[in-house]
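So the chains spell out like this:
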Amino acid sequence: MKYMTRKDTIFKLLDQNGPFATRDNVPYNRVFSPLSRGQVLLLKRSHLFNRYLVTRNQIFEFLNVRSFAEIKTLVDNEESRKAASCRSCGLLSKMFGIAGSENECRIAIKNYSRTADGVIRYLKRTVLSPYSSYLAMDNKVDAIDDPVELMLIPFDDRYHKKARFEAKRKLVLMQLAAAIEQRERQTDIENKFASFLDFLNNHVWCTDAKIGEQEHAFLLSRHSPEDFSCCEVSVHPWDSTADEIKPLEHGLKKTLIKHLWFYSNNRKTPIYVIVRKKEPVAKVLKLLRKAEENPDVAVADELGLMGVLNSLTDVRNFQKHLIASAFKAGSFLIQEDVSDTLEGNGHYNGGIGSSSKTPMLKFFARMEGMRVEFIIHTNKSYINYIYQRGVAHREYEVNRLFNTGVIDMLFPQDIYRLDLASIKNEILDRFRKQIETEQ
């Protein structure tokens, strides 16, 4: 599916069906001279002439050249490339607010490169794992983290089309990674995450347990043959006999959970908790899915907690307990953007690739200077979140990456020789088989 954005963003530079497509060869007679009349018309029809002008001017300023012809000189002159690299480090340091020496700036840039490469490796390892051998990055591009060296590759005809595209792709992903890292520094996300963990340990969970103490248990669920939805689920302690490897009949699943506890109405209530700080790779993928360059707009769920409780009554008690815990910590707490479908109302958040069949309680809690996303499940809704056909998170991940056009943009068919439409179906079938048959 074509990447879904009408906005004039840097993602247009990766569109292999548009005027910025990477061609089989670098057309020296046109790229290193004023654009041909046909190219100008194509840019204007695509409403991307301004994007061309902005990008061209940025490249010239960044490389300290005045024309495409001078870029060719830079490609051929190692000393000039080193000078451009030193200059670019200072420019990037100022733009992204990187404090410190040139060496510290280069360390930061290497981290952006690592995140950019991490996006591709994550997709190869997870969603696209059956086809990872098709998607291997060019070794030279993989090894380079200097933005100047990467920027020169698309203008160097010694490199194959695939390598030139991957260098351009890496620069785009590095820019997103840099914007994300800048926002993390500005929002002090590391300290907020530590504060959130302290709040949970000191005020939400039972203080008669040690920090990090959990009780292992498992959910035994029976599933419908029609859509593999959960028909019934029960909780069992994970004792020595339960951990033995025993083949389960088809339609039965055993799912590990690790309980913490909180007190509600003088009753000790178990809750399975996954606390997370969204990592840079996940944030980059979210920007790509939303076709948004600005992490201030697209990434609202940096801090989050998923909780699984035995019943709907326990869910309501946890909401009440959370508010009381915030008051105990000296902070007011309000719940924003609440979506509650645990009692059977349809869920739809407007996101491409999301399922209308996923019941959950979702809200953002604003407290103690933080805004934290909470996703709360009952045992049954959590089991459906993992296993149900058309709902399971592994299928959801495939759908949202393919349906938003992210996979097509990052791995265009004319370069990677893969039929993305058929690949999506094959991957979904493969994951579905694993979900239903793995013990």
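Scroll up for the structure.
Residues numbered from 1 in each chain as written. Predicted model: local features only at pLDDT ≥ 70, side-chain atom pairs only at ≥ 80, totals over all residues. Heavy atoms only, no water.

**Student:** Looking at this structure, I do not really get helix 13 (residues 312–328). What am I missing?
**Tutor:** Each α-helix winds once per 3.6 residues, and so residues spaced three or four apart point in a common direction. Here helix 13 is 17 residues long and its end C-alpha atoms lie 24 Å apart, about the 24 Å a rise of 1.5 Å per residue gives. Turning to helix 13, its buried residues are Asp 314, Val 315, Asn 317, Phe 318, Gln 319, His 321, Leu 322, Ser 325 and Ala 326. Downstream of helix 13 by one or two residues, Gly 330 has phi in the positive range, about 90 degrees. (Helix = DSSP H or I, 4+ residues; strand = E, 2+ residues; numbered from the N terminus. Expected span 1.5 Å × (residues − 1). Buried < 20%, exposed > 50% of the residue type's maximum accessible area, 1.4 Å probe, protein only.)

**Student:** Help me out: how do you make sense of the pairing of strand 2 (residues 230–237) in this one?
**Tutor:** Regular strands show a simple pattern: their side chains alternate between the two faces of the sheet. By the bridge criterion, 7 bridges tie strand 1 (residues 215–223) to strand 2 in an arrangement that is antiparallel. Bridge pairing in strand 2 places Leu 219 opposite Val 235. What sits between the antiparallel neighbours strand 1 and strand 2 is a turn of 6 residues, in which Phe 228 has the positive phi angle 60 degrees. (Pairing = 2+ DSSP bridges.)

**Student:** How should helix 4 (residues 68–76) be read in this particular structure?
**Tutor:** Among the residues making up helix 4, those that are buried are Phe 68, Ile 71, Leu 74 and Val 75. Projection of helix 4 onto a plane perpendicular to its axis shows the buried side chains occupying an angular sector of 100 degrees, all on one side. (Arc of directions from axis to C-beta.)

**Student:** Help me out: how do you make sense of the nonpolar core in this one?
**Tutor:** In summary, soluble globular proteins display a tendency toward joint burial of nonpolar side chains. In this structure, Leu 63, Ile 71, Leu 288 and Leu 410 are the most contacted members of the largest nonpolar core, which totals 78 residues. Among the elements that make up this core, the one with the highest residue count is helix 9 (residues 161–187) (11 residues). Beyond its immediate chain neighbours, meaning those up to four positions away, Leu 63 contacts Ile 71, Leu 74, Ala 84, Arg 87, Val 148, Met 151 and Leu 152. Counting residues in hydrophobic clusters, the runner-up holds 28 residues, among them Trp 205, Val 273, Met 367 and Phe 374. (Core = buried A, V, L, I, M, F, W, Y, C linked by side-chain atoms within 4.5 Å. Contact = heavy atoms within 4.5 Å.)

Scope: geometric values only; no functional claims are made or implied.
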